[in-house]
Amino acid sequence: MVKKIGILTSGGDSQGMNATLLGAIRTGCRLGKEMYVVYDGYKGLIDNNFVKVGPDFMDQTYNKGGTVIKTKRLPEFKEERVRKIAVENLKKEGIEALIVIGGDGSYMGAKKLTEMGINCVGLPGTIDNDISSSDFTIGFDTALNNVVTAIDQIKETMSSHNRCCLIEVMGNKCPDLTLFAGIACKADYIVTADRPLEEKELIESLKKDKEEGKDCEIVLISEKLYDLNELTKHIKEQTGWDTRNDVLGYIQRGGAPTAMERFNSIRMGSYAVELLDQGIGGVCVGLVNNELKYFDILEALDFPRNKHLDLYKTYDLIK
Ligand code: ADP
Ligand code: F6P
């Protein structure tokens, strides 16, 4: 039976990571495990940067954004030679199991470590909601709330000045933050990888709105798709709208986790320890129809992305 369990956060930080740590650490201690936090993601495994912690370790910080045990990206972890150092360091300390909170890259690291003798459980930590094996990722709900708050605020200025604003939303290649916020804020237009921009069409629609005396325009655009400044210029020149743009940026990734985020994060952290306690590893946890499930990591990484076509329909019906 596993006695010592490590836990790390990897890839981009997300709100709820700290609450996940609390769920795992408290559960582990309650089940008689020795719990170790690993600082700096996979890098901490190479640097021997891990510390044994007690059940209260997260009590003052579990409700904060970011990750108190830090996160790093370590591209070299793809090399077996580097992972061998990690495995040796863990084994020297008697740590036989690891919880990895991160995105799909981090999941690959967890899978490979499992193959090298360290049982790993991956938890979906990213604001992007781009882990197909979970309906929601740790951080998504809070980031969505941040986006919605920001849009509401931007809209007050846009309305006061009768302006049009193009707002860039994070998500890497996943449209979910844009799509969900589009519905929650009743955005005038949304542009995502699944609903690409037909510039001519958008300009025609904005022109028509202007002629009909519309108050202001909010256009949500997923990041990494278009040159926002160029598009702003074209809209300004061709529609009559005084047009601005706003890149929401890291404000989306910060802040205290919402109640739902905390709730699900704590559940996931706790569940990961239960799985390891049962000797289950090489898996990742997902929230599916509000139930916690686990899947083989490689199979899960192959799950098709939910394109939420039903939600585009809803958006079209309510906008
Ligand atoms: P995310 O986990 O959010 O997708 P990254 O893709 O940056 O973020 O991955 C986080 C870290 O996971 C990387 O910096 C690297 O240390 C590790 N990693 C990514 N891909 C692999 C891989 N194929 N094999 C082993 N480790 C990997
Ligand atoms: O994966 C989370 C995320 O915030 C993406 O939405 C964004 O594209 C990326 O990370 C930004 O990464 P970085 O921290 O390297 O700027």
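The structure we're discussing is the one just above.
A short tour of the structure in this document, coming up. (Residues numbered from 1 in each chain as written. Chains lettered and ligands numbered in written order. Predicted model: local features only at pLDDT ≥ 70, side-chain atom pairs only at ≥ 80, totals over all residues. Heavy atoms only, no water.)

Within the structure, ligand 1 sits among 15 residues, and L74, G103, D104, G105 and S106 are positioned closest to it. With respect to ligand 1, the side chain of K112 contributes an N or O atom lying 3.2 Å from a nitrogen atom. Alone, ligand 1 offers 550 Å² of accessible surface; in the complex the protein occludes 82% of this. Put simply, ligand 1 lies in the largest pocket. Split by residue class, the shell around ligand 1 holds five nonpolar, six polar and four charged. (Near = heavy atom within 4 Å. Polar contact = N/O pair within 3.5 Å; in protein donor to acceptor, adjacent residues only side chain to side chain. Areas by Shrake-Rupley, 256 points an atom, 1.4 Å probe, with all protein chains shown as cover. 1 Å grid on protein atoms, 1.4 Å probe; cavity = no way out; pocket = protein on both sides within 12 Å on 5 of 7 lines; lining within 4 Å. Sits in = over half its atoms within 2 Å of the grid points. Nonpolar A, V, L, I, M, F, W, Y, C, P; charged D, E, K, R; others polar.)

The next thing to look at is the nonpolar core. I5, I99, I101, V121, L123 and V285 are the most contacted members of the largest nonpolar core, which totals 30 residues. Of all the elements, helix α9 (residues 259–277) adds the most residues to this core, at six residues. Counting 28 residues, the second-largest nonpolar core is a separate cluster that includes L144, I167, Y312 and Y315. (Core = buried A, V, L, I, M, F, W, Y, C linked by side-chain atoms within 4.5 Å. Buried < 20%, exposed > 50% of the residue type's maximum accessible area, 1.4 Å probe, protein only. Helix = DSSP H or I, 4+ residues; strand = E, 2+ residues; numbered from the N terminus.)

Approximately 950 Å³ is the volume attributed to the largest pocket. Lining the largest pocket we find 40 residues, and of these R73, G103, D104, G105 and S106 sit closest to its centre. Of all elements in the fold, only α4 (104–115) and α10 (297–301) reach the threshold of two or more residues within the lining of the largest pocket. By residue number, the principal contributor to the lining of the largest pocket is α4, which donates seven residues. Of the residues assigned to the lining of the largest pocket, the class counts are 14 nonpolar, 13 polar and 13 charged. (Points joined across faces, edges and corners; volume = space filled by probe spheres on them.)

A few words now on the sheet that holds strand β6 (residues 163–169). The strands that make up a sheet are held in pairs by hydrogen bonds between backbone atoms, and each pair lies either parallel or antiparallel. An order of β7-β8-β6-β9 is seen for the four strands of this open sheet, with the pairing classed as parallel. Two strands in the sheet have a free side with no partner beyond their single neighbour: β7 (189–191) and β9 (242–247). Adjacent strand axes in the sheet meet at a mean angle of 20°, parallel and antiparallel pairs treated alike. Here β6 runs beside strand β8 (residues 217–222); their pairing, made up of six bridges, is parallel. Across the sheet, L166 pairs through a bridge with V219, a residue of β8. Along the sheet face, helix α6 (residues 176–184) touches β6, β7 and β8 and points at about 160° away from the line of β8. (Pairing = 2+ DSSP bridges. Axes fitted to C-alpha atoms, helices over the stretch in contact; angles between N-to-C directions. Contact = heavy atoms within 4.5 Å.)

Such coordinate-based values are descriptive only and should not be taken to indicate function.
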